[in-house]
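# Residue-level structural notes
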Amino acid sequence: MIAQVKIFDTTLRDGEQAPGCTMTLREKLRIAKALADLRVDVIEAGFPAASPGDFEAVKAIADENRGPIICGLARCNPEDIEKVHLAVKGADRHRIHVFVATSAIHREYKLKMAKEEIIRSAVGAIRLARELCADVEFSPEDASRTELPYLAEVVTAAIDAGATTINIPDTVGYSVPAEFDKLFRYLREHVQGIENVTLSVHCHNDLGMAVANSLAAVSAGARQIECTINGIGERAGNCSLEEVVMALRTRAEFFGLETGVETTRLYPASRLVSSITGMQVPRNKAIVGENAFAHEAGIHQHGMLQHHSTYEIMRPADVGISRSNLVLGKHSGRHAFRDRVRDLGFVLDEFETNRAFQEFKKLADKKKEMYDGDIEAIILNVDSTSAGPWTLQSLDVRSGTDRIASATVTLQHEDGSSQNKTANGDGPVEAVFNAIEQATGVPLILKDFAIHSATAGDDAQGEATITVEYNGQSYRGHGTSTDIVEAGSRAYLEVSNRILRRRQRGLDGLLDHPDINRASI
Ligand code: KIV
Ligand code: ZN
């Protein structure tokens, strides 16, 4: 029987730690659902002790209980461990993941702890976690820069204390495949009882080798890979889930291993994560980049016409890219729309389908032809087009090379009132944002504004992502339109509405995002 490698997804924990990648509870729940659809084995849903928001998110994901093991991260102290237990215990299958740094650099400069102290702290934490939960993972942080004999000592103690998974992190992305292979073989040779636990690998991508190092580890006996969608994560990111999974599948004859991942869900999951985080996937990114299956050179196109295997080692459909020549338009009905959504790999409930179809009809009135990218953009943004209290009724923008940009916006409030405001700005986008701010009364400090084209062509939709600051907290908003100024204003209005809804619920001033006051790891 072919051996299985477990896929442990940490998009919602390590991925979310990346600058600018914090997510709201609703966004995390959407991603958790996509991960369950992908059939990952473990979802690391967060770090509950980091903030009340993190705790709530992990608990909400665990309580949904969609299938994968739900895991939470803890430092080696009772408060962290008990918080993880409270947060994850709603899931039928849950895990407590404890970690402590072991390398000389971390011992001396960060922890100021001696080797024996670190072992005592890990053992105490693992024992406590085991009293609460049968499934306990232990990570010696910065393992790849830890002296091998000491690392083996720590891991032996962790297994004796009851850890069921031992995860070896290359925390700073320093290792190289041949060296990492040796490290895993060393541990398998020198740690008694290692054959009774799952050996796991967790790589960062600082030197661009996270996937290669993870594959070296599985070749040397690791049977769990920790990774994130699109490789998001601290600094240069983590091992990319889609790359490592497709490497194992495409080169199955070499690795002799398989995962349980439903690979046709990879592309939709990647689009969802990039749309929520605003971290665009580079065009040439392996597996899910726009160019990953594009063939430009004549000689390649000729080969492809003879047989796809000449230049293609995977089929786009294997990863859920189902580019079709079928173009939808304003006369397309609900059935055609629903079929396309399904073919694109998205699963929408009745309510979401209705809302997405309404948006589709609105857009089809403006745009002659609707491509797959347009439909994806509608689905991914259907959340942000929803709730008020304010909706954009009209927008009039004037700008030019020798005039000050000005914008007039009319917003309609759900209580029936409306506001009409005109403002100037340093360019049309700033003028619109100023006018919206006057209308809603919500002062936002703009930190970042990015626009991404959903499809090709001059009537393509622009997907705008803005990052703003309000009351010291950072918020992200999304908006789409064929007009980029309108897309930006929808994103701006979405954030303003979110803040106003929080005010209505008496939550103004409370932390919504876990990036502020996050306990540092
Ligand atoms: O990179 C790392 O060392 C981690 C651990 C907490 C597993 O993320
Ligand atoms: Zn990490």
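Fair warning: this is a prediction, and the values are worked out from it, not measured in the lab. (Residues numbered from 1 in each chain as written. Chains lettered and ligands numbered in written order. Predicted model: local features only at pLDDT ≥ 70, side-chain atom pairs only at ≥ 80, totals over all residues. Heavy atoms only, no water.)

Taken together, D14 (OD), H202 (NE2) and H204 (NE2) make up the full set of protein donors to the zinc ion (ligand 2), lying 2.0 to 2.1 Å away. All donors to the zinc ion (ligand 2) come from one chain, and their sequence spacing reads D-x187-H-x1-H. Side by side, H202 and H204 carry an identical accessibility label, which is buried. (Donors = N, O, S within 2.8 Å, 3.2 Å for Na, K, Ca; no water. Buried < 20%, exposed > 50% of the residue type's maximum accessible area, 1.4 Å probe, protein only.)

On to the site of ligand 1, then. Lining the immediate environment of ligand 1, one finds R13, D14, H97, F99, S139, E141, N167, P169, T171, H202 and H204. Here R13 contributes a side-chain N or O atom positioned 2.9 Å from an oxygen atom of ligand 1. Between an oxygen atom of ligand 1 and a side-chain N or O atom of T171, the distance comes to 2.6 Å. When isolated, ligand 1 has an accessible area of 260 Å², and the protein chains bury 96% of it. Every element with two or more residues in the shell around ligand 1 is listed here: helix 1 (11–15), strand 5 (94–101), strand 6 (136–141) and strand 7 (165–170). Broken down by class, the residue content of the shell around ligand 1 amounts to 2 nonpolar, 6 polar and 3 charged. (Near = heavy atom within 4 Å. Polar contact = N/O pair within 3.5 Å; in protein donor to acceptor, adjacent residues only side chain to side chain. Areas by Shrake-Rupley, 256 points an atom, 1.4 Å probe, with all protein chains shown as cover. Helix = DSSP H or I, 4+ residues; strand = E, 2+ residues; numbered from the N terminus. Nonpolar A, V, L, I, M, F, W, Y, C, P; charged D, E, K, R; others polar.)

The next thing to look at is helix 16 (residues 372–381). For helix 16, a buried count of 10 out of 10 residues is recorded, marking the element as mostly surrounded by other parts of the structure. Looking only at helix 16, the buried set comprises D372, G373, D374, I375, E376, A377, I378, I379, L380 and N381. Residues of helix 16 that are buried in the fold lie against helix 2 (25–38), helix 12 (266–277), helix 14 (334–343), helix 15 (350–366), strand 15 (462–470) and strand 16 (473–481). (Contact = heavy atoms within 4.5 Å.)

Direction of pairing for strand 11 (residues 390–400) relative to strand 12 (residues 403–413): antiparallel, over a ladder of 9 bridges. In the strand pairing of strand 12, L392 is matched with L411. Counted between consecutive antiparallel strands, the loop separating strand 11 from strand 12 contains 2 residues. (Pairing = 2+ DSSP bridges.)

Of note, the phi angle at R39 is positive, near 65°, even though the residue is not glycine. With respect to the secondary-structure elements, R39 resides in the loop between helix 2 and strand 3 (42–46). Even without being glycine, R235 reaches a positive phi, approximately 50°. Its location among the elements puts R235 in the loop between strand 9 (224–227) and helix 10 (241–250). Note on R235: relative accessible area 46%, which makes it partly exposed.

Often the size quoted for an interface is simply the accessible area lost on bringing the parts together. On domain assignment, one finds that the chain holds domain 1 (3–277), domain 2 (293–320), domain 3 (322–383) and domain 4 (387–504). In this structure, domain 2 and domain 3 have C-alpha centres spaced 27 Å apart. (Domains from an automatic or database assignment.)

With that settled, consider the packing of aromatic side chains. The tally for this structure, following the rule as stated, stands at 7 aromatic pairs. Each ring, one from F433 and one from Y492, has its centre 4.2 Å from the other, and the planes form 10°; the classification is stacked. Taken as a pair, F433 in helix 17 (residues 428–440) and Y492 in helix 18 (residues 484–504) lie far apart in primary sequence, 59 residues in all. One aromatic cluster is present, formed by F337, F357 and F360 through successive ring pairs. (Phe/Tyr/Trp six-rings, centres within 6.5 Å; stacked < 30°, edge-to-face > 60°.)

As enumerated under the stated definition, the model contains 38 salt bridges in all. With its nearest N and O atoms 3.3 Å apart, the salt bridge here joins D54 to K28. Of this pair, D54 sits in helix 3 (residues 52–64) while K28 is found in helix 2, placing the two residues 26 residues apart along the sequence. With a relative accessible area of 2%, D54 lands in the buried category. Residue R490 is joined to E486 by a salt bridge in which the shortest nitrogen-to-oxygen separation is 2.9 Å. Residue R490 and its partner E486 are both found in helix 18; the two are separated by 4 residues, about one turn of the helix. (Salt bridge = Lys/Arg side-chain N within 4 Å of Asp/Glu carboxyl O.)

A few words on the sheet that holds strand 16. Think of a sheet as strands paired side by side through backbone hydrogen bonds, with each pair either parallel or antiparallel. A sheet is described by the order of its strands in space; here 3 strands give the open sequence 14-15-16, paired in antiparallel fashion. Strand pairing shows two members of the sheet lacking a second neighbour, strand 14 (445–453) and strand 16, which therefore form its edges. Here the strands of the sheet are splayed against their neighbours by 15° on average, with no regard to which way each runs. Here 9 bridges tie strand 15 to strand 16, and the two strands are oriented antiparallel to one another. Of the residues in strand 16, the one forming a bridge with E463 is T480. (Axes fitted to C-alpha atoms, helices over the stretch in contact; angles between N-to-C directions.)

The sheet built from 3 strands is open, its strands ordered 11-12-13 with antiparallel pairing. Strand pairing shows two members of the sheet lacking a second neighbour, strand 11 and strand 13 (418–425), which therefore form its edges. Across the sheet, the axes of successive neighbouring strands diverge by a mean angle of 15°, strand direction being ignored. Strand direction decides the pairing type here: strand 12 and strand 13, joined by 8 bridges, are antiparallel. Bridged to S406 within strand 13 is N424. Across the sheet, helix 17 is in contact with strand 11, strand 12 and strand 13; its angle to strand 13 comes to roughly 145°. Where helix 18 meets the sheet, its contacts fall on strand 11 and strand 12, and the angle it forms with strand 11 comes to roughly 140°.

Interaxial distance between helix 14 and helix 15 falls to 11 Å at its minimum, and their mutual angle equals 110°. When the axes of helix 14 and helix 15 are compared, the pair comes out roughly perpendicular. As for how helix 14 packs across helix 15, the hand of that crossing is right-handed. Listed contacts from helix 15 to R334, F337 and R338 of helix 14 are E350, T353, N354, A356, F357 and F360. Its residues assigned to classes, the contact of helix 14 with helix 15 comprises 4 nonpolar, 2 polar and 3 charged. (Parallel < 35°, antiparallel > 145°, perpendicular 65-115°, else oblique. Left-handed = near helix turned anticlockwise from the far one by under 90°.)

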